[in-house]
Amino acid sequence: MVISPAATPAPTLVGRPARPSRDRMEDEIRRLNQRVRELELELISKELKDEVSRGGFPSPLPTPAAAPSSAFQENWQARTDARVKLLCSLNRAGNALCAWHDSRRERRAYPPRMAPPGYLNCGCTFDEALFEESLARHGVGSYLPGESVRMDPALRNPLLKLLQQRYHYRDGDFEREPVTGNWIEGEGASFWEGKVTAGVSYSRKYRGEERRS
Ligand SMILES: [Zn+2]
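Residues numbered from 1 in each chain as written. Predicted model: local features only at pLDDT ≥ 70, side-chain atom pairs only at ≥ 80, totals over all residues. Heavy atoms only, no water.

Ideal donor angles around a metal are set by the shape: a four-donor tetrahedron calls for 109.5 degrees, a six-donor octahedron for 90 or 180 degrees. For the zinc ion, the full set of protein donor atoms is Cys98 (SG), His101 (ND1), Cys122 (SG) and Cys124 (SG), and the range of their distances to it is 2.0 to 2.4 Å. Around the zinc ion sit four donor atoms; with metal-centred angles ranging over 100 to 119 degrees, the donor geometry is tetrahedral. Written as a sequence motif, the donor arrangement for the zinc ion is C-x2-H-x20-C-x1-C. With Cys98 in the loop between α2 (70-87) and α3 (99-102) and Cys122 in the loop between α3 and α4 (126-137), this residue pair connects regions lying 24 residues apart in the sequence. Each of the two residues, Cys98 as well as Cys122, counts as buried. (Donors = N, O, S within 2.8 Å, 3.2 Å for Na, K, Ca; no water. Tetrahedral: all angles 85-135°; square planar, octahedral: opposite > 155°, others 65-115°. Helix = DSSP H or I, 4+ residues; strand = E, 2+ residues; numbered from the N terminus. Buried < 20%, exposed > 50% of the residue type's maximum accessible area, 1.4 Å probe, protein only.)

Moving on, we get to the pattern of salt bridges. The final tally for this structure, using the stated rule, is 14 salt bridges. Salt-bridge contacts for Asp171 lead to Arg83; the nearest nitrogen and oxygen are separated by 2.6 Å. Taken together, the positions of Asp171 in the loop between α5 (153-167) and α6 (189-197) and Arg83 in helix α2 put the pair 88 residues apart, joining distant regions of the chain. The pair formed by Asp171 and Arg83 is uniform in burial state, with each residue classed as buried. Note that Arg156 and Glu132 form a salt bridge whose closest N and O atoms lie 3.2 Å from each other. Taken together, the residues Arg156 in helix α5 and Glu132 in helix α4 connect sequence positions 24 residues apart. Glu132 shares its class with Arg156; the two are buried. Where salt bridges share partners, they join Arg79, Arg83, Glu133, Arg137, Asp171, Glu175 and Glu187 into one cluster. (Salt bridge = Lys/Arg side-chain N within 4 Å of Asp/Glu carboxyl O.)

Another point: the packing of α4 against α5. Where α4 meets α5, the axes come as close as 10 Å, and the angle between the chain directions of the two elements is 95 degrees. In terms of axis orientation, α4 runs roughly perpendicular to α5. On the side of α4, the interface is formed by Asp127, Glu128, Phe131, Glu132 and Leu135, while α5 contributes Arg156, Asn157, Leu159, Leu160, Leu163 and Gln164. Its residues placed into classes, the contact of α4 with α5 shows five nonpolar, two polar and four charged. (Axes fitted to C-alpha atoms, helices over the stretch in contact; angles between N-to-C directions. Parallel < 35°, antiparallel > 145°, perpendicular 65-115°, else oblique. Contact = heavy atoms within 4.5 Å. Nonpolar A, V, L, I, M, F, W, Y, C, P; charged D, E, K, R; others polar.)

In this structure, Gly172 sits in the loop between α5 and α6. Taking the C-alpha atoms as reference points, Gly172 and Ile184, 12 residues apart in sequence, are found 9.9 Å from one another. Not counting the four nearest positions on each side in its chain, Gly172 is found in contact with Trp76, Arg79 and Trp183.

Grouped together as the largest cluster of nonpolar side chains are 18 residues, with contacts concentrated most on Leu87, Cys88, Cys98, Leu120 and Cys122. Elements represented by at least two residues in this core include exactly α2, α3 and α4. Grouped together as the second largest cluster of nonpolar side chains are six residues, Met151, Leu160, Leu163 and Tyr169 included. (Core = buried A, V, L, I, M, F, W, Y, C linked by side-chain atoms within 4.5 Å.)

This paragraph deals with the packing of aromatic side chains. In this structure the tally under the stated criterion is eight aromatic pairs. Residues Phe72 and Trp76 carry aromatic rings whose centres are separated by 5.8 Å and whose planes lie at 75 degrees to one another, so their mutual orientation is edge-to-face. Of the two residues, Phe72 and Trp76 both sit in helix α2, four residues apart, roughly one turn of that helix. For Phe72, a relative accessible area of 12% corresponds to the buried category. Here the aromatic cluster, defined as three or more aromatic residues joined through ring pairs, consists of Phe72, Trp76 and Trp183. Positioned above the aromatic ring of Trp192, the side-chain terminus of Arg83 is 4.7 Å from the ring centre. Over the ring of Trp100 we find Arg104, and its NZ or CZ is 3.5 Å from the ring centre. (Phe/Tyr/Trp six-rings, centres within 6.5 Å; stacked < 30°, edge-to-face > 60°. Lys NZ or Arg CZ within 6 Å of the ring centre and 35° of its normal.)

Closest axis-to-axis distance for the α2/α6 pair is 8 Å, and the angle between their directions is 25 degrees. Classified by the angle between their axes, α2 and α6 sit roughly parallel to one another. Between α2 and α6 lies a crossing of left-handed hand. Residue-level contacts link Asn75, Ala78, Arg79, Ala82, Arg83, Lys85 and Leu86 of α2 to Ala189, Trp192, Glu193, Lys195 and Val196 of α6. Here the contact of α2 with α6 is composed, by residue class, of six nonpolar, one polar and five charged. (Left-handed = near helix turned anticlockwise from the far one by under 90°.)

The structure is reproduced here in structure tokens:
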């Protein structure tokens, strides 16, 4: 608000004996402007809170803000364990390989049966191998033989690291309902444990030595 120096002084308020000086008027205007800004901020803040409470602004995080229950955490761990058994198990030659490295004849990082805990013989980690499969099920690269486009580990692994650092990504996050945090239907531990029990193994049935031998 700009006050022209030539502006007529504001009329004296009723009941006030003395005409306020120009300095006092300007102080008052500054004070009122400040108050208007405060009220505007309060209003915006209230509108945002109302909007959030109506669920208007989804969380930017891929997982719900509420911490999963301990029962869900247990199910999650069992699911991950089953997926490791399924996707990171040794083939008959004693090698566990991600899909990318399984399709290539590069020198393995570790000799058969010599990979350290949590690592595959190709040098990829269990987490990276699970991530590769999860990406493929969401249309990012492919997993099974005969499907040509695969996610190069040079892209896959830094992407996983970024998601872990920024969003605390864990295997299974892509298979959870964004709002409730529960598994998308058919994605819980029992589904994956069932696959392990049934002896369905990507490394034995779909990939690896049987195809090449
Ligand atoms: Zn690999």
